[in-house]
Amino acid sequence: MEFKTTDLCDQFASQAAVCEDIFTSFGGRKRFSGPIATVRVFEDNVLVKEMIETVPAGTVLVVDGGGSRRCALLGDRLAAIAMERGIVGLIIHGCVRDTEELSRMDIGVLALGKVPLRSRKEGTGAVGEPLRFAGVDWIPGHHVYVDEDGVVLFPQKMEE
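Description of the structure in this document.

Regarding unusual backbone geometry
Glycine aside, the phi torsion of most residues is negative, and most peptide linkages are trans. Even without a glycine there, the phi angle at Asp98 is positive, about 60°. Secondary-structure assignment places Asp98 in the loop between strand S6 (89-96) and helix H4 (99-103). The backbone of Ala134 sits at a positive phi, close to 60°, despite the residue not being glycine. Mapped onto the elements of the fold, Ala134 is located in the loop between strand S9 (131-133) and strand S10 (136-138). What makes Ala134 buried here is its relative accessible area of 7%.

Here it is, written out as structure tokens:
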């Protein structure tokens, strides 16, 4: 998986959607890419766990947590399941916890921040819908590329 978001933007600028720089990298993998799967929740991670248990290997799970910083939507246990299932990364418009453990895992994890409190367990939200946050549209099936320089989305897989 050799790509640079800067090169992709240089070569395919007219097709690129560049994410606002709002995320912190918490996972051990700093560079990842893949097709997007989406879930929308608010302070409740039941659907996040269900998606982690069902999306195909190679997927990047995008979680719109409404930008809440009051509780974590992902911790080390869910990240371990995601990693074991071959999910390459998670992008969370919300918070995570267990950050020391996340930093040692071979999975990409971007989030707004960290907080030790876990989320509710009610199962509310929606899966597979287009999302909008960080200045871009997150469309299921589109591709996202993440590295140390940023997050770039394309309607299809880009050949580097």
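Resuming the write-up.
Focus: the packing of aromatic side chains
Evaluated as defined, the whole model comprises 5 aromatic pairs. With a centroid separation of 6.3 Å and 80° between ring planes, the pair formed by Phe12 and Phe154 is classed as edge-to-face. Remark: Phe154 occurs in strand S12 (residues 150-154) and Phe12 occurs in the loop between helix H1 (5-11) and strand S1 (17-18); sequence separation between them is 142 residues. Considering the side-chain rings of Phe133 and Trp138, the 5.1 Å spacing of their centres and the 20° angle between planes classify their relative orientation as stacked. Since its relative accessible area comes to 5%, Phe133 is described here as buried. The exposure class assigned to Trp138 is buried, which follows from its relative accessible area of 0%. What links up through ring pairs into an aromatic cluster is the set Phe3, Phe12, Tyr145 and Phe154. The ring of Phe3 carries the charged tip of Arg31 above its face, separated from the ring centre by 5.6 Å.

A short note on the pairing of strand S4 (residues 60-64)
The buried count for S4 comes to 5 of 5 residues, which makes it a mostly enclosed element. Side chains Val60, Val62 and Asp64 of S4 all project onto a buried face; the interleaved residues Leu61 and Val63 project onto the opposite face, where all are buried too. In this structure, strand S3 (residues 32-40) lies alongside S4, joined through 5 bridges in parallel fashion. Paired with Thr38 across the strands is Val62, a residue of S4. Read as a crossover between parallel neighbours, the route from S3 over helix H2 (residues 46-54) to S4 is right-handed. Across 5 bridges, S4 lies against S6 in parallel orientation. The residue of S6 that forms the bridge with Leu61 is Leu90.

Here's the deal with the packing of H2 against helix H3 (residues 76-84)
Two packed helices can be described by the angle between their axes and the distance between those axes. For the pair H2 and H3, interaxial distance at closest approach is 8 Å and the crossing angle is 20°. In terms of orientation, H2 lies roughly parallel with respect to H3. Crossing of H2 against H3: the hand is left-handed. Along its contact with H2, which presents Lys49, Ile52 and Glu53, the element H3 presents Leu78, Ile81 and Ala82.

The rules behind the values
Residues numbered from 1 in each chain as written. Predicted model: local features only at pLDDT ≥ 70, side-chain atom pairs only at ≥ 80, totals over all residues. Heavy atoms only, no water. Helix = DSSP H or I, 4+ residues; strand = E, 2+ residues; numbered from the N terminus. Buried < 20%, exposed > 50% of the residue type's maximum accessible area, 1.4 Å probe, protein only. Phe/Tyr/Trp six-rings, centres within 6.5 Å; stacked < 30°, edge-to-face > 60°. Lys NZ or Arg CZ within 6 Å of the ring centre and 35° of its normal. Pairing = 2+ DSSP bridges. Right-handed = clockwise from strand over helix to strand, strands pointing away. Axes fitted to C-alpha atoms, helices over the stretch in contact; angles between N-to-C directions. Parallel < 35°, antiparallel > 145°, perpendicular 65-115°, else oblique. Left-handed = near helix turned anticlockwise from the far one by under 90°. Contact = heavy atoms within 4.5 Å.

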